[in-house]
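Each chain, letter by letter, is given below.
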Amino acid sequence: MISDRVVEAIHGPAVMFAGTRNERLYPAQTFVIGAIAHSDHETITFFIPESRSERILSDLNNNGRVALAVSLITHEAYQLKGVYLSSRPTDAKDQAVQEVYRSKLLSAFLRASYPEQIAKPLVLGFAYQPGIAITFRAEEIFLQTPGPEAGKKMN
Amino acid sequence: MAEEKNTAVEVKQQIAENQQIIDQLNRQLARKNNEVRIIQQISSEITSTLDLDRILETILNAMDRVLGFQHAMILLKDKSADKLTVAAGRGYEHTTIGAEVAFGHGVVGVVAERKKMMRIGNIGASVRYLMAVRANLQEVGQQDLSNTTAKLPSLPNIQSQLAMPLLVKDRLIGVLVVESAKPNAFDELDEILLTIVANQAATAIDNARMYQMVEQLSRLKRFFSPQLAELILIGGTEDPLKTHRREVTVVFLDLRGFTMFAEQVEPEEVMGVLRDYHAEMGRLILEHEGTLERFTGDGMMIFFNDPVVVPNPAERALRMALAMRERVQELSKKWRKRGYDLALGIGIAQGYATIGAIGFEGRWDYGAIGTVTNLAARLCGEAKGEQILVSLRVAGEVEDLIEVEEVGLLTLKGFHKSIPAFNVLGMKSNA
Amino acid sequence: MGILSDEIKPAMQGVIPSHLVTCALDGTPNATVVSQVYYVDSNHVALSYQFFSKTIKNIRENPRALASVINPETFESWDLEIEYDHSETSGPVFDIMDMQIEAIASMTGMKGIFKLRAADIYRVISATKNVDERIPLSEIGSVSGTA
């Protein structure tokens, strides 16, 4: 029930980040560098830098709730909320996906007329290895493109 | 022993870090001192002159040379309307001078409206974001989204702007703005520096503009009555001395029998008659707000609807002519007692004329040229004593107000066709 | 001495959008992008309230949020733990935000349509600079890179 359009966005070139919360309902976030929407159109695996994983994993293990924000440079945006399933360190296959993602994202920024001296460090400057792969099942999908319709449920 | 060595190393590191901090503070202090000194210099330069262009030039020059603001503009508020016009610019490929900005439009327009400064460093990102919102709104059927094509005078790839209102007491004189194609180009220190420049600039510009107005007023007073001169100045109309075309009602008048009178009578007495006559006619011209274009001895030309546009020029001309006739009739009684036989003749026509300053350096007059002036002059020439001859056009304009009698078709010098003319008998009783 | 130093100010100019995570009372986190987190003083930030949203609903129930801002020159990011304090519809903070929004709205044909409804003022609980995140510029030659 994740639409094709959202799958397309997840595979790049969208900027993504994930949000979690702890037992006191205090939120946390991390940059997400690459993701895969699985063929079941329900589960997603996203990749975060290991340097950020401690708090995120602690939250996920505590309550399993996660939100993934997906925004294209055009401001077209989606949010997927769901339930944590599993995590593991990223492997070579994951890193290959990440590198495709990074190159797509860089091209998108350059096409949108960001100068190279900004686009390159902005996109390529995030340390993404070593990384952690986090898999979750999406339960709700929302349109988040800015405007009066932001927050509309899609599924 | 190892511990001592560690402590020594730590102390050395600490001293080096402290030195770095002190150096940085010294640099900041030097920068501040330098800039304050130079701002004082700008201030003294601009407050010592009343030449508006020089003031604007000095400000922008100093802002570039000394403070590093390479792209800057000064906009001045329009005298009456809620808009600004670019008066000076620096660092722009194409001149922006003359470009207009309405209050509330863009950074400059909002600063003018609110009379508060604004600093923004993310124009590109903000515009992109709002355009996305706009597309979203269009999709859900939002009405009254206006066109985005109204261009603002700015750098092409503008990212940062710092705009300062120029205020004297609470009155807005204009806006000073610096721009950059880099995001986040300006900081709080820039705000402080620009505030100081803006305060000085506002006073200097205001004084220069006041001076300009006083100059213009005295220049206009040479051509027009004081009230008219002020009206022109305040009204913010186009410079009337610039050649322009307008439809005007023209009145010519002179005294029948004056030539013979001037030949036969002593010069002092002639001057005396003229003095009384001019005084009375002059008063009536002022009362009816006509423009006296010229007077030569007993002849006068007055027109209406220029330099100040009025809704009823023909009516004013008629009322003035009738008042003049009545006044001269009274003067005539006095003159007849002395044996002078003088009577007023008036001609009135309406049409387009070319109007502006006529003459040469040192001797300028405000003149009107066109068929209408010739027609009015000829009608005056044809008028017998105490007649007010008007053209068909004028008769039509005021037909509800006056009683006329047809005088027939006149053959006038300079006109191919015969001209129908009418003599004004008086106001209609219900007028 | 407040929590936000001068160093973070460039990150609060809205040059690069920020991330905001809030959490509903039922425990569901909400992750959205905001165009700018405004610097109010060394202990306060502000967010602009334009359209009523899940974010606003969450904040009114559970005032704790996390805002992540990026410096557009160094690309270092900061995580700010913030807590909603109150909303303002007038005053100096509101005015600054309102003027900016009005200016940009007028430039995009939305004068009078896109307006600031309120300035939501948040207390800053903590500000953490994320130091392990960057690949040094010199190493960004090709597409791949490691920390």
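Residues numbered from 1 in each chain as written. Chains lettered and ligands numbered in written order. Predicted model: local features only at pLDDT ≥ 70, side-chain atom pairs only at ≥ 80, totals over all residues.

Engineer: Go over the packing of helix 2 (residues 52–65) of chain B against helix 5 (residues 188–221) of chain B, please, and point to the residues and values.
Structural biologist: When two helices pack together, their arrangement is given by the angle between their axes and by how far apart the axes lie. Residues and elements named next belong to chain B. Closest axis-to-axis distance for the helix 2/helix 5 pair is 9 Å, and the angle between their directions is 165 degrees. As the angle between them shows, helix 2 and helix 5 are arranged roughly antiparallel. Every pair of crossing elements has a handedness; the one defined by helix 2 and helix 5 is left-handed. Here Leu52, Ile55, Ile59 and Met63 of helix 2 lie close against helix 5, whose contacting residues are Val197, Ala201, Ala204, Ile205, Ala208, Arg209 and Gln212. Considering only residue class, the contact of helix 2 with helix 5 consists of nine nonpolar, one polar and one charged. (Axes fitted to C-alpha atoms, helices over the stretch in contact; angles between N-to-C directions. Helix = DSSP H or I, 4+ residues; strand = E, 2+ residues; numbered from the N terminus. Parallel < 35°, antiparallel > 145°, perpendicular 65-115°, else oblique. Left-handed = near helix turned anticlockwise from the far one by under 90°. Contact = placed C-beta atoms within 7 Å. Nonpolar A, V, L, I, M, F, W, Y, C, P; charged D, E, K, R; others polar.)

Engineer: I'd like a description of the interface of chain C and chain A, backed by residues and values.
Structural biologist: Contacts between the two partners involve 32 residues from chain C, matched on the other side by 37 residues from chain A. At the level of elements, strand 1 (18–23), strand 2 (29–34) and strand 5 (64–70) of chain C are the ones that each hand at least two residues to the side of chain C that touches chain A. Broken down by element, the residue count for the side of chain C that touches chain A peaks at five residues, all from strand 2 of chain C. For the side of chain C that touches chain A, a count of residues per class yields 14 nonpolar, twelve polar and six charged.

Engineer: Talk me through the domain arrangement of chain B; I want residue IDs and the actual numbers.
Structural biologist: Think of interface size as the accessible area that goes away when the parts come together; that is how it is often given. By the assigned domains, chain B splits into domain 1 (35–208) and domain 2 (236–427). When each unit is reduced to the centre of its C-alpha atoms, the spacing between domain 1 of chain B and domain 2 of chain B is 52 Å. (Domains from an automatic or database assignment.)

Engineer: So, the sheet that holds strand 1 (residues 71–77) of chain B: which residues are in play, and what are the values?
Structural biologist: Residues and elements named next belong to chain B. Within the open sheet, the six strands sit side by side as 3-2-1-6-5-4. Their pairing is antiparallel. Unpaired on one side and paired on the other, strand 3 (100–102) and strand 4 (118–120) mark the two borders of the sheet. Between one strand axis and the next, the sheet turns by 25 degrees as a mean value, whatever way the strands run. Sheet topology note: the strand 1/strand 6 (residues 171–180) ladder contains six bridges and is antiparallel. Looking at the pairing, Ala72 lines up with Val178 of strand 6. (Pairing = 2+ DSSP bridges.)

Engineer: Explain the interface of chain C and chain B to me, using residue names and the numbers behind them.
Structural biologist: In this assembly, 22 residues from chain C lie in contact with 29 residues from chain B. Class assignment of the residues belonging to the side of chain C that touches chain B gives a composition of eleven nonpolar, eight polar and three charged.

Engineer: Talk me through the nonpolar core; I want residue IDs and the actual numbers.
Structural biologist: Core analysis: the largest hydrophobic core is formed by 138 residues, its most contacted members being Val32 and Leu68 of chain A, Val175 of chain B together with Val45 of chain C. Considering each element in turn, this core owes the most residues, eight residues, to helix 5 of chain B. Residues Val248, Leu284, Ala321 and Leu379 of chain B belong to the second largest nonpolar core, which totals 52 residues. (Core = buried A, V, L, I, M, F, W, Y, C linked by C-beta atoms within 7 Å. Buried ≥ 20, exposed ≤ 12 C-beta atoms within 10 Å, placed from the backbone.)

Engineer: An account of helix 2 (residues 92–107) of chain C is needed here, citing residue identities and associated values.
Structural biologist: Its 16 residues place the ends of helix 2 of chain C 23 Å apart at the C-alpha level, agreeing with the 22 Å of an ideal helix rising 1.5 Å per residue. Regarding helix 2 of chain C, the residues found buried are Met97, Asp98, Met99, Gln100, Ile101, Glu102, Ala103, Ile104, Ala105, Ser106 and Met107 of chain C. Close packing links the buried residues of helix 2 of chain C with helix 3 (106–114), strand 4 and helix 4 (123–139) of chain B together with strand 3 (38–41), strand 4 (44–49) and strand 7 (118–129) of chain C. Gly109 of chain C sits one or two positions beyond helix 2 of chain C and adopts a positive phi of about 70 degrees. (Expected span 1.5 Å × (residues − 1).)

Engineer: Tell me about the sheet that holds strand 1 of chain C, and please be specific about residues and values.
Structural biologist: Residue and element names in this part refer to chain C. One open sheet accounts for seven strands, arranged 2-1-5-6-7-4-3; its pairing is antiparallel. The sheet is open, and its two borders are formed by strand 2 and strand 3, each paired with just one other strand. This sheet shows a mean twist of 35 degrees between the axes of neighbouring strands, independent of strand direction. Where strand 5 lies against strand 6 (residues 77–88), seven bridges are found, and the strand directions are antiparallel. Note on strand 6: the bridge partner recorded for Val69 is Trp78. Contacting strand 1, strand 2, strand 4, strand 5 and strand 6, helix 1 (residues 54–61) runs over the sheet at an angle of about 50 degrees to strand 1.

Engineer: Tell me about the packing of helix 8 (residues 267–287) of chain B against helix 9 (residues 313–337) of chain B, and name the residues and values.
Structural biologist: All names here are of chain B. Following both chains from N to C, one finds helix 8 and helix 9 inclined at 155 degrees, their axes separated by 10 Å at the closest point. As judged from the angle between their axes, helix 8 and helix 9 are roughly antiparallel. Crossing of helix 8 over helix 9 shows right-handed handedness. Within the contact between the two elements, helix 8 uses Val273, Asp276, Tyr277, Glu280, Met281, Leu284 and Ile285 and helix 9 uses Met320, Ala323, Met324, Arg327, Leu331 and Trp335.

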